[in-house]
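What follows is the residue order along each chain.
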Amino acid sequence: MASHQELRVGLCYWKIEHSSGCSQVHLDIVIEFVFPGFSHLREGGLLFFVLLLLIYLFIIIGNLMVFFAVRLDSCLHTPMYFFISVLSFLEIWYTTTTIPKMLSNLVREQKTISLAGCLLHMYFFHSLGITEVCLLTTMAMDRYLAICNHPPTHPRPRYATIMTPQLYTQLTLGCCFCGFFTPLPEIAWIATLPFCGPNQIQNICDFVPILNLACMDTGTIILINIMDIVHAVEIITAVMLVALAYIQIIAVILRIRFAEGRRKAFSTCASHLAIFLIFFGSVALMYLCFSAKYSFFWDTAISLMFAVLSPFFNPIIYSLRNKEIKEAIKKHMCQSTIFTHHIKKDKNYTS
């Protein structure tokens, strides 16, 4: 006796015949995911929308100001400022992978994302995040070379001979390659998983929430275990390298005789170290969130901190604490104002 197994996707049906047994199973194949938590914010949705939009605009404008200040000012064409401009550029896209979708979920009735959209979100979010980890580690190594390998008796500073434009460009490209290649196997594998059960995600698409929705036991998959080890090694290596670099840097700075030299060295390194701690603090907080149960409010707050904390403070720290960038922003803003004034004046004259 033949039996039929109906596989239902939306309004489409497939029938599969078996040679023995008699059973009938209905499986819903998930083609999109739902964000049910944002329905809780329906009453204050507009207020949250405006607040999140203002934060997003500040992140975009602030990081663009830092990026263009470094690009346009020839005095800032050094390895340290080059890395800062790349970090600001990455922060813009890192935030853009998450906040626009959150904004749309706050005002739209249909709070969904397709499976393909969710996979793309995960890929770019993690790619940009890993690239930032590599870049922040590279920035720590750059400061180590600049401060700890700069003997005053050397006719030309060793740092200038090592950290050439070609090298720091190659290092940046290496960070991008590492960032955009590392999550690719895991994303490609997740794309092959069957999703047929619950399709509800609290806030953002990420590996742990998506794997929990798969219609199979993913805990025993070798690839998942390997990728978990790779990510753990990346984070531990980055933290260890930055910690060792700054231990050496602080030891050298404390031996500087002149107070002005110590202050400038500490100020430069403190900015980078603050961004590093904020970024890794938000990463640690987010992944601790996956192993615990929180209310929707705290779950959303932690997800937002993960997405906006580092990008939000990056322009504040580098524009307020860094005298050179602050002066470059003022100079180019004044130049653009004068240029706009002359254009208006010429238009009035010709008319």
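Okay, so let's go over this structure.

Let us now look at the nonpolar core. Residues I84, L135, M139 and I325 are the most contacted members of the largest nonpolar core, which totals 61 residues. Of all the elements, helix α4 (residues 115-148) adds the most residues to this core, at 12 residues. Every residue in contact with I325, bar those within four places of it in the chain, is listed here: V66, L76, Y81, I84, Y318 and S319. Counting residues in each nonpolar core, the second largest holds 21 residues, with F33, F35, F195 and I224 among its members.

Our focus in this paragraph is a nonpolar patch on the surface. Side chains of L46, V50, L54, L57, I61, M65 and M333 sit close together on the surface and give an oily, nonpolar patch of about 660 Å² of accessible area. At 6 residues, helix α1 (residues 45-72) tops the list of elements feeding residues into the nonpolar patch. Among the structural elements, I61 can be located in helix α1. Owing to a relative accessible area of 49%, I61 belongs among the partly exposed residues under this scheme.

Taking 1.5 Å as the rise per residue, helix α9 (residues 222-254) with 33 residues should run 48 Å; its terminal C-alpha atoms sit 48 Å apart, in good agreement. When we look at burial in α9, the residues that qualify are I224, M227, H231, E234, A238, V242, A245, Y246, I249, V252 and I253.

All chains considered together, the criterion is met by 1 disulfide. Note on cysteine connectivity: C118 is disulfide-linked to C205, with sulfurs 2.1 Å apart. One quick way to see it: the torsion about the S-S bond of C118 and C205 is about -125 degrees, and its sign makes the bridge left-handed. Of this pair, C118 sits in helix α4 while C205 sits in the loop between α7 (184-190) and α8 (207-212), and the two are 87 residues apart along the sequence. By relative accessible area, C205 is classed as buried at 1%. The thiol sulfur of C148 is not disulfide-bonded, and the nearest other cysteine sulfur, from C269, lies at 8.5 Å. C134 supplies the cysteine sulfur nearest to C178, a cysteine that is in no disulfide, at a spacing of 3.6 Å.

Between helix α2 (residues 79-96) and helix α6 (residues 165-181), the shortest axis-to-axis distance is 10 Å and the interhelical angle comes to 25 degrees. The orientation of α2 relative to α6 falls into the category roughly parallel. Considering the relative orientation of α2 and α6, their crossing is right-handed. Contacts between α2 and α6 involve P79, F82, F83 and V86 on the former and, on the latter, Y168, L171 and T172. The class makeup of the residues in the contact of α2 with α6 is 6 nonpolar, 1 polar and no charged.

So, how was this worked out
- Residue positions are given per chain, counted from 1 along the sequence in the order it is written.
- Only residues with pLDDT of at least 70 are given local features in this predicted model, and only at 80 or more are side-chain atom pairs given and counted; all residues enter the totals for whole chains, interfaces and linings.
- Neither water nor hydrogens contribute to the side-chain values; these are computed over all heavy atoms in the structure.
- To define a nonpolar core, start from buried Ala, Val, Leu, Ile, Met, Phe, Trp, Tyr and Cys residues and group those joined through side-chain atoms within 4.5 Å.
- Exposure is judged per residue with a 1.4 Å probe applied to protein chains only, and the accessible area is read against the type maximum: over 50% gives exposed, under 20% gives buried, and values in between give partly exposed.
- Helical segments are the DSSP runs of H or I of at least four residues, strand segments are the runs of E of at least two, and each set is numbered from the N terminus.
- In this description, contact between two residues means that some pair of their heavy atoms is separated by no more than 4.5 Å.
- Residues forming no salt bridge and having over 30% relative accessible area are the ones grouped into patches, like charges within 9 Å of each other and nonpolar side chains (Val, Leu, Ile, Met, Phe, Trp, Tyr) within 5 Å.
- In short, Shrake-Rupley with a 1.4 Å probe defines the accessible areas, and a residue's cover is counted only from the protein chains shown.
- Note on definitions: salt bridges are taken to be side-chain nitrogens of Lys or Arg within 4 Å of carboxyl oxygens of Asp or Glu.
- Given a helix with a known number of residues, its expected span is that number minus one, times 1.5 Å.
- Two cysteine sulfur atoms form a disulfide, by the criterion used here, when they sit within 2.5 Å.
- Every axis in this analysis is a line fitted to C-alpha atoms, fitted for helices over the stretch in contact. Angles between the N-to-C directions lie between 0 and 180 degrees.
- Any angle that falls under 35 degrees is termed roughly parallel, while one over 145 is termed roughly antiparallel, one within 65 to 115 roughly perpendicular, and all others oblique.
- Crossing chirality is assigned from the near helix's rotation relative to the far helix, an anticlockwise turn below a right angle marking it left-handed and a clockwise turn marking it right-handed.
- As a working rule, the residues Ala, Val, Leu, Ile, Met, Phe, Trp, Tyr, Cys and Pro are called nonpolar, Asp, Glu, Lys and Arg charged, and the rest polar, with Gly in that last group.

As far as function goes, none of this settles anything; it's purely spatial.
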